[in-house]
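A structural walkthrough
Below are the chains, spelled out letter by letter.
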2 protein chains.
Amino acid sequence: MLIPRIYLALQNGRVGHGTKVPRNINMERLRNGYLFSEICRRELEHTQKYPHAKLIKLGIGDTTEPIPDIITSAMAEHAHALSTIRGYRGYGAEQGNMELRNAIAQTFYRDMGIKANEVFVSDGAQCDISRIQMLLGSNVTVAVQDPSFPAYMDSSVIIGQSGNFKDETGKYENILYMNCGPESNFFPDLSNTPRTDIIFLCSPNNPTGHAASRQQLEQLVEFAKANGSIIIHDSAYAAYITDESPRSIFEIPGGREVAIEISSFSKFAGFTGVRLGWTVVPEELLYSNGFPVIKDYNRIVCTCFNGASSIAQAGGLACLSSDGYLAMNAVLDYYKENAKIIIDTFTSLGLKVYGGKNAPYMWVHFPGLRSWDVFNEILEKTHIITVPGTGFGPGGEGYIRVSAFGHRESVIEASRRLKNLLK
Amino acid sequence: MLIPRIYLALQNGRVGHGTKVPRNINMERLRNGYLFSEICRRELEHTQKYPHAKLIKLGIGDTTEPIPDIITSAMAEHAHALSTIRGYRGYGAEQGNMELRNAIAQTFYRDMGIKANEVFVSDGAQCDISRIQMLLGSNVTVAVQDPSFPAYMDSSVIIGQSGNFKDETGKYENILYMNCGPESNFFPDLSNTPRTDIIFLCSPNNPTGHAASRQQLEQLVEFAKANGSIIIHDSAYAAYITDESPRSIFEIPGGREVAIEISSFSKFAGFTGVRLGWTVVPEELLYSNGFPVIKDYNRIVCTCFNGASSIAQAGGLACLSSDGYLAMNAVLDYYKENAKIIIDTFTSLGLKVYGGKNAPYMWVHFPGLRSWDVFNEILEKTHIITVPGTGFGPGGEGYIRVSAFGHRESVIEASRRLKNLLK
């Protein structure tokens with residue numbers, strides 16, 4: 001209760017009036033400082049300290065390359081049409097335009113039995129994670145990968161699924177952290193994983209860059225089925241897969257009965273600012289009382305969301321046209337080439353680098369060092385922003401995440417600086 | 001527990017595998033059938049029955065007139081720029097572009113002391129309502145107007161602030177319904193309103209069309225201050241105000257210490273499909289422990305949202321330019337003229353019509369009749385879609401809501417049909 005006392009003091013000073021409304025205990029539980037805000041803060045400090053340094057950002061996974069014209073033209077055309085009587089449209093369906101839902105089902109889920117009405121178009125995967133948490137409520141047990149993208153955990157805390165954060169362990173109570181280090185091939189060791197209601201799994205993984213193999217996903221579906229669990233599978237990076245790893249949990253037999261899949265146009269089509277994603281909820285997925293999850297999710301979407309921007313949806317549809325799809329894949333190849341340069345850089349320095357082959361992230365190991373120290377050292381000496389592994393959970397200690405998003409010349413320059421620093 | 005049994009039967013038939021994950025009790029509490037889905041269902045039935053009838057939709061408040069070219073061109077230009085190296089942008093700030101936040105503060109909150117950093121740009125007011133519910137959590141008491149827009153109530157139920165729905169009363173337990181009928185001038189009678197933590201107030205009101213007077217809002221701010229409550233003020237229809245009624249709760253002295261305001265470009269700029277809104281959380285607003293609400297809201301926005309579409313934000317900025325603002329007001333005048341025609345129609349038929357002067361909604365009283373019966377009768381006889389008042393709570397019984405959104409010729413035709421039916 002230290003923070004409240006500080007704020008009460010402020011209140012007696014200049015700040016306003018205290019209401020009698022209790023602060024949400026779940027918000028109070030949230031550990032201070034969202035990872036990427038903290039990185040931004042340090043970045044700002046650094047640029048103030050070195051105003052003339054040319055900063056290279058390989059931190060937050062933000063796309064940098066232009067969107068192919070065929071896609072932006074479709075969005076521009078849709079925008080222009082809104083100023084005509086024939087082309088104006090108001091509210092669309094909360095679940096998304098049926099044409100786009102169809103195109104997503106056809107493009108990403110062909111032969112997996114996913115129907116258009118099971119695809120819910122959204123403004124992005126991070127937003128869908130929160131809507132899924134509202135769907136599930138506080139009375140479920142949850143497992144997350146360690147390390148993992150912070151939004152799963154933070155939204156679990158916000159909705160009330162967790163206990164308090166423990167500084168000793170670096171973990172929230174009542175959340176199961178499934179260790180996903182190299183010793184278990186970056187996948188949970190299911191032989192010693194207790195049952196939870198919900199299992200969040202991100203593949204290809206953010207931050208480790210690991211794409212789960214078919215065998216790993218088969219084991220997970222089997223595990224979920226045996227335990228009556230629901231898998232929330234985040235496939236936002238599936239477009240980066242270059243080998244035979246499954247791009248969807250629904251490639252696995254039985255997946256439809258145990259999994260929800262979240263995905264996104266952000267990293268696939270450079271739509272980080274345009275905002276477009278989707279979630280698939282199969283009709284076969286049922287709660288313990290037999291009620292279909294899709295019905296509740298539809299209700300959440302209709303109550304808590306009002307559809308993705310119609311302009312973004314027009315862009316999404318253009319991405320899935322044959323020419324749009326080809327054009328986007330050229331951009332993906334560009335980032336994949338970046339990834340190769342970064343992998344080679346760290347490898348040539350004798351460091352172990354994971355990921356990067358099926359994902360735009362490299363997970364670089366600095367055994368015995370602390371992530372934030374590595375982050376600081378790299379920033380201080382090379383003016384390169386990365387992400388400290390512990391930002392993704394205690395299992396990320398000793399690692400940094402390096403992103404493949406960037407202009408080629410920046411990536412080459414980053415490679416040069418890193419080689420000079422570390423050789 | 002009837003529904004589960006039905007679904008278990010289905011499960012034994014063709015549908016999949018039951019997990020052991022409990023259905024969220026809050027979702028189970030939600031009354032079946034979201035209002036506007038139910039209306040859509042009846043509309044579909046009607047068009048199947050009368051395939052040649054020309055349906056006129058004055059139901060769901062959906063904008064119909066094109067967006068001025070100056071605004072759509074700004075969006076198209078932004079979209080095109082995304083295909084250039086200079087113009088491409090990835091993630092924006094979760095809270096919105098600072099230029100837009102500034103323009104909102106300047107345009108709508110001049111002289112009210114609202115700063116740009118207190119403005120959180122979003123993808124719409126309905127979505128913000130849910131984010132505010134995630135902020136508040138389940139451990140607060142809530143009051144809503146009766147009648148009121150269903151999203152406040154439904155999101156309260158989803159987050160766990162309510163008890164069960166009681167068919168006898170037409171109300172959820174543990175939620176305070178503040179009667180807002182003509183006898184209290186469509187505002188809560190605060191002299192007999194018990195304290196709650198949260199008070200949802202929509203002004204100009206959906207569905208009654210009533211804009212709270214300065215005196216009413218002053219009393220409400222006073223009431224909230226005395227009780228230590230937080231007002232969630234929804235001003236999505238403020239642009240329709242034609243008299244001296246306040247357009248923001250922050251026009252009222254002390255408002256900054258007790259209120260959050262939600263607003264939207266949807267009905268102001270025809271952005272129902274484009275998706276853009278905002279929420280203002282003043283720095284002075286504190287929880288009972290003195291912690292600033294804005295800090296928690298910022299965390300919610302960063303964790304559960306990823307910013308409004310950058311293209312929509314470019315459009316919002318164009319709306320707030322001087323030419324854009326003038327152009328939009330011409331569209332608003334068009335809808336206001338529609339409202340006059342509808343008011344005159346029902347008035348000429350001897351019915352009492354409320355609203356329509358400061359809002360795009362007319363609230364028409366049919367004393368002694370049931371709303372759904374009136375809805376059905378009007379639909380059957382005139383092929384006009386309205387909204388039955390009870391869809392907004394038990395206080396809406398005997399009323400229908402008629403929207404002013406529509407092409408002029410449709411509104412004139414609706415007027416003709418209604419006069420023929422009811423005269």
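Owing to the predicted nature of the structure, the values given are computational and were not obtained by experimental measurement.

The rules we used
- Residues numbered from 1 in each chain as written.
- Chains lettered and ligands numbered in written order.
- Predicted model: local features only at pLDDT ≥ 70, side-chain atom pairs only at ≥ 80, totals over all residues.
- Heavy atoms only, no water.
- Phe/Tyr/Trp six-rings, centres within 6.5 Å; stacked < 30°, edge-to-face > 60°.
- Helix = DSSP H or I, 4+ residues; strand = E, 2+ residues; numbered from the N terminus.
- Buried < 20%, exposed > 50% of the residue type's maximum accessible area, 1.4 Å probe, protein only.
- Axes fitted to C-alpha atoms, helices over the stretch in contact; angles between N-to-C directions.
- Left-handed = near helix turned anticlockwise from the far one by under 90°.
- Contact = heavy atoms within 4.5 Å.
- Nonpolar A, V, L, I, M, F, W, Y, C, P; charged D, E, K, R; others polar.
- Buried area = accessible area lost by both parts, 1.4 Å probe.
- Salt bridge = Lys/Arg side-chain N within 4 Å of Asp/Glu carboxyl O.
- Polar contact = N/O pair within 3.5 Å; in protein donor to acceptor, adjacent residues only side chain to side chain.
- Domains from an automatic or database assignment.
- Least-squares fit on C-alpha atoms with pLDDT ≥ 70 in both.
- Expected span 1.5 Å × (residues − 1).

1. Describing the packing of aromatic side chains
All names here are of chain B.
- Here the structure, examined in full by the defined rule, presents 42 aromatic pairs over all chains.
- Ring geometry for phenylalanine 120 and tyrosine 297: centres 5.2 Å apart, planes at 90 degrees, overall edge-to-face. With a gap of 177 residues between them, phenylalanine 120 in strand S2 (residues 119–122) and tyrosine 297 in helix H10 (residues 293–304) connect regions that are remote in the sequence.
- A relative accessible area of 3% means that phenylalanine 120 is categorised as buried.
- By relative accessible area, which is 1% here, tyrosine 297 ends up buried.
- Plain terms: the ring middles of tryptophan 363 and phenylalanine 392 are 6.1 Å apart, the flat faces sit at 75 degrees to each other, and that makes the pair edge-to-face. Taken together, the residues tryptophan 363 in strand S12 (residues 361–365) and phenylalanine 392 in the loop between strand S14 (387–388) and strand S15 (399–403) connect sequence positions 29 residues apart.

2. Describing the packing of helix H6 (residues 125–136) of chain A against helix H7 (residues 150–159) of chain A
All names here are of chain A.
- Their axes nearest at 9 Å, the elements H6 and H7 cross at an angle of 35 degrees. For the crossing formed where H6 meets H7, the hand is right-handed. On H7, the residues that touch Gln126, Ile129, Ser130, Gln133 and Met134 of H6 are Ala151, Tyr152, Ser155, Ser156 and Ile159.
- Split into classes, the residues belonging to the contact of H6 with H7 amount to five nonpolar, five polar and no charged.

3. A look at the interface of chain B and chain A
- Of the residues lining the interface, 102 residues belong to chain B; the matching set on chain A comes to 101 residues.
- Here chain B and chain A share an interface that buries about 8500 Å² over both sides, 60% of which is from carbon and sulfur atoms.
- Viewed at the interface, chain A and chain B are joined by four salt bridges.
- Among the salt bridges present, the one from Arg299(B) reaches Asp154(A), with a minimum N-O distance of 3.6 Å.
- Our count for the contact surface shared by chain B and chain A stands at 41 residue pairs in polar contact (both at pLDDT 80 or more).
- Listing elements by their share of the side of chain B that touches chain A, those giving two or more residues are helix H1 (2–12), helix H2 (25–29), helix H4 (69–81), helix H6 (125–136), helix H7 (150–159), helix H8 (214–227), H10 and helix H11 (310–319) of chain B.
- Residue composition of the side of chain B that touches chain A, grouped by class: 46 nonpolar, 36 polar and 20 charged.

4. As for the domain arrangement of chain A
Residue and element names in this part refer to chain A.
- For chain A, the assigned domains read domain 1 (31–66 + 325–422) and domain 2 (70–321).
- Taken over C-alpha atoms, the centre of domain 1 sits 25 Å from the centre of domain 2.
- Residue-level contacts link 31 residues of domain 1 with 40 residues of domain 2.
- Approximately 2900 Å² of surface area, both sides summed, lies buried where domain 1 meets domain 2, with 62% of it carried by carbon and sulfur atoms.
- In this structure, the connection of domain 1 to domain 2 is made through zero salt bridges.
- In this structure, the connection of domain 1 to domain 2 is made through 14 residue pairs in polar contact (both at pLDDT 80 or more).
- Here the element with the most residues in the side of domain 1 that touches domain 2 is helix H13 (residues 322–348); it accounts for six residues.
- A class-by-class count of the residues in the side of domain 1 that touches domain 2 yields 17 nonpolar, nine polar and five charged.

5. Some remarks on the relation of the copies chain B and chain A
- Superposing chain B onto chain A takes a rotation of 180 degrees plus a shift of 0.0 Å along the axis, which leaves an RMSD of 0.0 Å. Taken together, the turn and the small shift mark the pair as related by a two-fold rotation axis. Considering only C-alpha atoms, the part of chain B nearest the rotation axis is Ala76(B), at 2.0 Å.
- Most of the interface of chain B is mirrored in chain A: 99% of its interface residues are interface residues there too.

6. Re unusual backbone geometry
- Ser203(A) connects to Pro204(A) through a cis peptide bond whose omega is -5 degrees.
- You can see Pro204(A) is positioned in the loop between strand S7 (198–202) and helix H8 (214–227).
- Phi at Asn185(B) takes a positive value of approximately 55 degrees, unusual for a residue other than glycine.
- Here Asn185(B) shows up in the loop between strand S6 (175–179) and strand S7 (198–202).
- By relative accessible area, Asn185(B) is classed as partly exposed at 43%.

7. Observations concerning helix H12 (residues 322–348) of chain B
- The first and last C-alpha atoms of H12(B) sit 39 Å apart over 27 residues, in line with the 39 Å expected at 1.5 Å per residue.
- Residues of H12(B) that are buried include every one of Gly324(B), Met328(B), Val331(B), Leu332(B), Tyr335(B), Lys336(B), Asn338(B), Ala339(B), Ile342(B), Ile343(B), Thr345(B) and Phe346(B), and no others.

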